[in-house]
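# A closer look at the structure
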Amino acid sequence: MEAITLQDLVQAVKGTLLGNCREEKIRITGTSSDNRTIQEGDVFFAFVGEKADGHRFVKAALEAGAAGAVVSKDPGEYVPGKFYVLVPDTILALGDLARWYRGQFDIPVIGITGSVGKTTTKDMIASVLSEKFETLKTEGNYNNNIGLPRTILGLCHKTQMAVIEMGMNHPGEIDYLVHIAQPETVTITNIGDAHIGILGSKENIFKAKCEIFGGLKDGGLAVMNGDDAYLPRLREDEKKQEEFAFTYVGEGEDCSWRAVDIEESAQQSMSFTAVTPLGTFPVRVPALGHHMIYPALTAAAIGAHYGLTAEEIQAGIAHYVPTKMRMETLHLPENVVLYNDTYNANPQSMMAALRTLSHTEAKRKIAVLGDMGELGESEETLHREVGRYAAGLPLDALVAVGRAAKFIGQEAADGLSGVYCCESKEEAKEVIRKLAGPETAWLFKASRFMAFEELAKYAESLCR
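Attention in this report is confined to the structure presented alongside it. Treat the numbers as computed from the prediction; the structure is a model and nothing was measured.

Criteria and cut-off values
- Residues numbered from 1 in each chain as written.
- Predicted model: local features only at pLDDT ≥ 70, side-chain atom pairs only at ≥ 80, totals over all residues.
- Heavy atoms only, no water.
- Helix = DSSP H or I, 4+ residues; strand = E, 2+ residues; numbered from the N terminus.
- Buried < 20%, exposed > 50% of the residue type's maximum accessible area, 1.4 Å probe, protein only.
- Contact = heavy atoms within 4.5 Å.
- Areas by Shrake-Rupley, 256 points an atom, 1.4 Å probe, with all protein chains shown as cover.
- Axes fitted to C-alpha atoms, helices over the stretch in contact; angles between N-to-C directions.
- Parallel < 35°, antiparallel > 145°, perpendicular 65-115°, else oblique.
- Left-handed = near helix turned anticlockwise from the far one by under 90°.
- Nonpolar A, V, L, I, M, F, W, Y, C, P; charged D, E, K, R; others polar.
- Pairing = 2+ DSSP bridges.
- Phe/Tyr/Trp six-rings, centres within 6.5 Å; stacked < 30°, edge-to-face > 60°.
- Lys NZ or Arg CZ within 6 Å of the ring centre and 35° of its normal.
- Core = buried A, V, L, I, M, F, W, Y, C linked by side-chain atoms within 4.5 Å.

### Thoughts on the overall build of the chain
When you go through the chain residue by residue, the secondary structure sums to 16 helices and 22 strands. Across the 464 residues in the chain, those meeting the buried criterion constitute 55%. A sequence separation of at least 24 residues applies to 65% of the contacts in the chain between residues at least 6 apart. Surface accessibility of the chain: about 19,500 Å² in total, with carbon and sulfur atoms responsible for 47%.

This is the structure in C-alpha cells:
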C-alpha cells in the first residue's frame, strides 16, 4: 500500500476523528484487523464478528505499532499520539477505503467470478499477463468483502495490471465488490450449482454472477465461457451487447477462442491446439483436466486484448502454478499419483476432478470424496448425480466420507465394485490404509468444511 494521509483516510471512509490526534504528518502504509500482525504505520480496523469484537484489541494494536484505528464504538479514552476514526460499520469502511484507493490508480483491473474455477482462472490470467506487465492478483481465495478490499489496497506505483477474484453466496455481493474493483475487463467462468441451497436456482445464480456487469466500464471487455448452458444467453441481451465487447471461449465453433485436438492423457500436463484471432498455435497447460481449456483460453483472450503475442501467451500458460489444494498433483514413490483437490467442491468441479482421475495412467484409480456444502434441498439429488457419473468411469474404488457423501457411494455402487461408505474421517483412514499400494492414482475432494486435506496428507504419508 502506498502511503496515504490521515485526512485521506477520514474522507475515504466518511468518518469522524475522535481524540486529540490531528497530525498532518501521519502517513498510513497498511491495514490490519489482527493485532498480532501489526506493522508500523498500519491502521487497525476493529471488525465486529459473530465470535469476536475487534474493539477489544484496539489498545493492543496501537501498542504494537498501529498509527491509529477505525472503530464503530467510541472507546472514551485515547492513547496519546494515536488517531481514532469513528464509522458506522468498520467492514464497510474498509471497502470504502479500497474504493477510494482504487481510484488513485489508472491501471486495468480484470474481474473474475463464476461458480467453478475462479481461482484457477485468476492464477492463469495473472500468469499470462505477468509475461509483459507487473501484475497484482488476489492471493489464495481472498475474494470476499474483506479479502477483495485488502487485495486492492496492495496496489502500488509499480503495478501495471490487477487480476481480482470475486466470490459470492448471496445476491448483491458481486455488485458490492465490482464497484470497489472497478474493472475494465471481466470474465464469468461458468454457472453451476455452488450455493444453490442459498440462491434457490441456477437462474438466480446466473443473475447474481451477472452483477459483475454493473461495475464494468463502458466499452469494457467481457470474456465468457461459450460452452456453458447459461452464459451464451448474453448474446441476446441487446443492452449489454451495446455497452460491452463480448468474446467467447470454448470448444464450440461459435467461440472466437477455441480448443481443438485436446490431449489429457499425460501425467503432468494437458495440451490442445488453440484456434484464435492471433492464429492457430499449440498450448501446453502444466495441470491436468479437460476443464483447463477454459482458464487457458480465457487468459489467452485477455492477454491478446492487452497486446501480448501468441508466443507470450504460450509462455504465460506454461508458467502457470496452481494454488495449493486446487488439483495439486503429487508424484510419490512406486508410481503413486495423488491429486489434492481439497480446497472446495461442488457437483461440477467434483465431476471434472473424477474425469481427470479416470484419464490418469495408473493400474489402480481411487477416489476419496466427501460432502459438498450449500446445496440446500438439492443436496441428495446432486450428490447422487456425482455418484452416477462416477459409476460410469474406470475406477477401482470409491471412498465416500460423510453424511451426504453416502449418496455418492450408493449411486456409484451400481457401476463400481469397490465402494466404501464411511461416517467419519477416522473410519476412512482405515479404508485408505488397506487400499494403499503402488501404481495407484488417488483423488481427494470435498467442500472446505470437511477439511479433507487431513485425509490427503494421511494417504501421502502412507505412500512415502
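So that's the structure; there's more coming.
### Examining the packing of helix α12 (residues 347–358) against helix α13 (residues 379–391)
Interaxial distance between α12 and α13 falls to 10 Å at its minimum, and their mutual angle equals 15 degrees. Taken together, α12 and α13 sit at an angle that is classed as roughly parallel. In terms of crossing hand, the pair formed by α12 and α13 is right-handed. On α13, the residues touching P347, M350, M351, L354 and R355 of α12 are L382, E385, V386, Y389 and A390. For the contact of α12 with α13, the per-class residue count stands at eight nonpolar, no polar and two charged.

### With respect to the sheet that holds strand β10 (residues 161–165)
Sheet strands associate in pairs through backbone hydrogen bonding, adopting either a parallel or an antiparallel arrangement. The mixed open sheet is built from nine strands, whose spatial order is β9-β10-β8-β11-β12-β13-β14-β15-β16. Strand pairing shows two members of the sheet lacking a second neighbour, β9 (135–137) and β16 (279–285), which therefore form its edges. Recorded for the sheet is a direction-independent mean angle of 20 degrees between the axes of neighbouring strands. Taken together, the four bridges between strand β8 (residues 109–113) and strand β11 (residues 185–188) define a ladder with parallel strand orientation. Directly across from T113, in β11, lies its bridge partner I188. Of the strands in this sheet, β8, β9, β10, β11 and β16 are in contact with helix α4 (residues 118–129), which crosses β10 at around 175 degrees.

### Quick notes on the packing of aromatic side chains
Taken as a whole and assessed by the stated rule, the structure comprises eight aromatic pairs. When the ring of F45 is compared with that of F47, the centres are 6.3 Å apart and the planes differ by 45 degrees; the resulting orientation is tilted. Taking the relative accessible area as the measure of exposure, F45 reaches 0% and is therefore buried. Among the aromatic side chains, those forming a connected cluster through ring pairs are F213, F244, F246 and Y248. One Lys or Arg, R235, reaches over the ring of Y248 and ends 3.8 Å from the middle of that ring. Directly above the ring of Y343 sits R448, whose terminal nitrogen or CZ lies 5.2 Å from the centroid.

### Things to note about the sheet that holds strand β7 (residues 83–86)
Pairing is mixed in the open sheet, where five strands are placed in the order β2-β7-β6-β5-β4. The open sheet has two free edges, formed respectively by β2 (16–18) and β4 (30–32), since each of these has just one partner strand. Here the strands of the sheet are splayed against their neighbours by 25 degrees on average, with no regard to which way each runs. As judged from the three bridges shared by strand β5 (residues 42–45) and strand β6 (residues 68–71), these two strands associate in the parallel manner. Along β6, the bridge assignment pairs F44 with A69. Across the sheet, helix α1 (residues 6–13) touches β2, β5, β6 and β7, and the angle it forms with β7 is around 15 degrees.

### Some points on the pairing of strand β18 (residues 336–340)
In terms of residue burial, β18 counts as a mostly covered element, since five of its five residues are buried. Here β18 shows no split at all, with V336, L338 and N340 on one side and V337 and Y339 on the other all buried. Two strands pair when backbone bridges link them, and strand β17 (residues 328–332) and β18 are joined in this way by five bridges, in the antiparallel orientation. Residue pairing across strands places L332 opposite V336, the latter belonging to β18. If you look at the hairpin formed by β17 and β18, you'll find three residues sitting between the two strands, and E334 has a positive phi there, around 60 degrees.

### Regarding the nonpolar core
Membership of the largest hydrophobic core comes to 88 residues, with the highest contact counts inside it found for L9, F83 and F213. For this core, the element with the most residues is helix α3 (residues 90–102), which contributes six residues. Every residue in contact with F83, bar those within four places of it in the chain, is listed here: L6, L9, L17, C21, I26, I28, V43, A67, G68 and A69. V128, F281, I293 and I317 belong to the second largest nonpolar core, which has 37 residues in total.

### Quick notes on the pairing of strand β22 (residues 440–445)
Among the six residues of β22, six are classified as buried, and the element is accordingly described as predominantly covered. Here β22 shows two buried faces, one formed by T440, W442 and F444 and the other by A441, L443 and K445. Sheet topology note: the strand β19 (residues 364–370)/β22 ladder contains six bridges and is parallel. Considered in β22, the bridge of I366 is made with W442.

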